[in-house]
Amino acid sequence: VKLTFSRICKRLPKLGIKRDLMKNKSEDPYFRPASYEEPNLIKRMWNPPKQSQTVCPGKELGNFSWTKLNSGQAQLTWMYEHYWTDMQRNYFLQKMLPLLDLRQHYFISMFLTVKRYRDFIGLLPKKLSLKILSYLSPRELLVTSQVSKTWYKLCSSNWLWRIKCQESTGGLPLPAPPDSWKNVFKSDYCLRQNWEEGKCRTAELKGHTAAVCCLAVGGKYLASGSQDKTIKVWLLSNGDHVQTLAGHRRGVWGLQFFTTNLLVSSSYDSSIKVWNLRLGGCAR
């Protein structure tokens, strides 16, 4: 940038300024009529007015570092920002751009490319952004979340994935309320994919001495009730036997997990029992 300013300042006397672009040329002594071929005319355009204004206020004008520019470059920058009209700025750029080489043209094009884009999702209110994102499919949401940290946070919203879970036709029992609806959707999607593609792992669980009448799944456990009056608990991950619950006088016909460690059973002996898996006995 400093090199560009130096080249501009060296070539400024070669530029011509049309008098029709001067603002109030009859009243302003710094934009008075002059010959088109006059080499020093460009200086009248960027010399500061002889008033109480300062040419370079220093570091008070924004975050621009004036100390990196010489007096001529600093005057040109100050006049462009605070004194010229839009018409004068456009004409100056029209004369300046042909003087730049390919490297400066490439720098300007890259700078304008970045400035042209705006994060409209991040600038909108959160509710409106979520409403827009709700029209995307789950796969499109996952792709969109890779744009930036702001988009990832919005695309991971519980409200958004709750809508996707309601639109889904999976068969997972939903906890109330789940900590992460995104994880619920992921588990449900994997379950449906496994059923459709036939992906499974077979395991033979042996231990009952009579027919198995009921099953229940809760967390990492699988519980089975049998006609042999017992309930057996297995690990879903590897099929290992955890414990056997005995207490019914006849076969067990119904099982249901109340919590991760509480199991409810019903038997043909007309009784209902609540089992504590942590203690390994009947709680009620």
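Structure shown above.
The rules we used
- Residues numbered from 1 in each chain as written.
- Predicted model: local features only at pLDDT ≥ 70, side-chain atom pairs only at ≥ 80, totals over all residues.
- Heavy atoms only, no water.
- Helix = DSSP H or I, 4+ residues; strand = E, 2+ residues; numbered from the N terminus.
- Buried < 20%, exposed > 50% of the residue type's maximum accessible area, 1.4 Å probe, protein only.
- Contact = heavy atoms within 4.5 Å.
- Areas by Shrake-Rupley, 256 points an atom, 1.4 Å probe, with all protein chains shown as cover.
- Axes fitted to C-alpha atoms, helices over the stretch in contact; angles between N-to-C directions.
- Parallel < 35°, antiparallel > 145°, perpendicular 65-115°, else oblique.
- Left-handed = near helix turned anticlockwise from the far one by under 90°.
- Arc of directions from axis to C-beta.
- Pairing = 2+ DSSP bridges.
- 1 Å grid on protein atoms, 1.4 Å probe; cavity = no way out; pocket = protein on both sides within 12 Å on 5 of 7 lines; lining within 4 Å.
- Points joined across faces, edges and corners; volume = space filled by probe spheres on them.
- Nonpolar A, V, L, I, M, F, W, Y, C, P; charged D, E, K, R; others polar.
- Salt bridge = Lys/Arg side-chain N within 4 Å of Asp/Glu carboxyl O.

(A) Geometry of the overall build of the protein. Helix and strand counts for the protein stand at 11 helices and eight strands. Evaluated residue by residue, the protein yields a buried proportion of 32% over its 284 residues. For the protein, the share of sequence-separated contacts (at least 6 apart) that also reach a separation of at least 24 residues comes to 39%. Accessible surface, the protein: about 19400 Å² in total, of which carbon and sulfur atoms supply 56%.

(B) The arrangement of the packing of helix 10 (residues 158–167) against helix 11 (residues 181–197) in detail. It is the contact of helix 10 with helix 11, at a shortest axis distance of 8 Å, that shows an interaxial angle of 30 degrees. The angle between helix 10 and helix 11 falls in the class roughly parallel. Remark: the crossing between helix 10 and helix 11 carries left-handed chirality. Contact with helix 10, carried on its side by Asn-158, Trp-161, Arg-162, Lys-164 and Cys-165, involves Trp-181, Lys-182, Val-184 and Phe-185 of helix 11 and no other residues of that element.

(C) Representation of helix 7 (residues 126–133) in the model. Those residues of helix 7 not exposed but buried are Ser-129, Leu-130 and Leu-133. Each buried residue of helix 7 sits inside an arc of 95 degrees when the element is viewed along its axis, so together they form one side. Buried-residue contacts for helix 7 involve helix 6 (120–123), helix 8 (138–144), helix 9 (149–155) and helix 10.

(D) Expanded view of the sheet that holds strand 5 (residues 252–257). One open sheet holds the four strands; their spatial order is 5-6-7-8, and the pairing between them is antiparallel. If you trace the sheet from one side to the other, it starts and ends with strand 5 and strand 8 (281–282), each paired once. Strand direction decides the pairing type here: strand 5 and strand 6 (residues 262–267), joined by five bridges, are antiparallel. Looking at the pairing, Phe-257 lines up with Leu-263 of strand 6.

(E) How the structure looks around the layout of surface pockets. Here the second largest pocket defines a volume of roughly 310 Å³. Taken together, Pro-138, Arg-139, Leu-142, Trp-161, Lys-182, Asn-183, Phe-185, Lys-186 and Tyr-189 make up the full set of residues lining the second largest pocket. Breaking the lining of the second largest pocket down by element, the ones donating at least two residues are helix 8 and helix 11. The biggest single contributor to the lining of the second largest pocket is helix 11, with five residues. A breakdown of the residues in the lining of the second largest pocket according to their chemical character gives five nonpolar, one polar and three charged.

(F) Just the sheet that holds strand 3 (residues 230–235), in detail. Spatially, four strands are ordered 1-2-3-4 in an open sheet, and the strand pairing comes out antiparallel. With one partner strand each, in any of the chains shown, strand 1 (212–218) and strand 4 (241–246) form the two edges of the open sheet. Strand-to-strand twist of the sheet, defined as the mean angle between neighbouring strand axes without regard to direction, takes the value 20 degrees. The sheet contact formed by strand 3 and strand 4 spans five bridges and is antiparallel. Bridging from a neighbouring strand, Val-233 pairs with Gln-243 of strand 4.

(G) Examining unusual backbone geometry more closely. One non-glycine residue, Lys-229, adopts positive backbone phi at about 75 degrees. Mapped onto the fold, Lys-229 is located in the loop between strand 2 (221–226) and strand 3. Residue Lys-229 is classed as partly exposed on the basis of its relative accessible area, which comes to 40%. Despite not being glycine, Ser-270 shows a phi value in the positive range, around 70 degrees. Relative to the helices and strands, Ser-270 resides in the loop between strand 6 and strand 7 (272–276).

(H) Fine view of the pattern of salt bridges. By the definition in use, this model includes six salt bridges. Where Arg-89 meets Asp-86, a salt bridge forms, and the shortest distance between an N and an O atom there is 3.7 Å. Note that Arg-89 and Asp-86 are positioned in helix 4 (residues 86–96) at a spacing of three residues, about one turn of the helix. On the basis of relative accessibility, which here comes to 56%, the residue Asp-86 falls in the exposed class. As a salt-bridge pair, Glu-167 and Lys-164 come within 3.8 Å of each other at their nearest N and O atoms. Pair noted here: Glu-167 and Lys-164 are both in helix 10, with a separation of three residues, about one helical turn.

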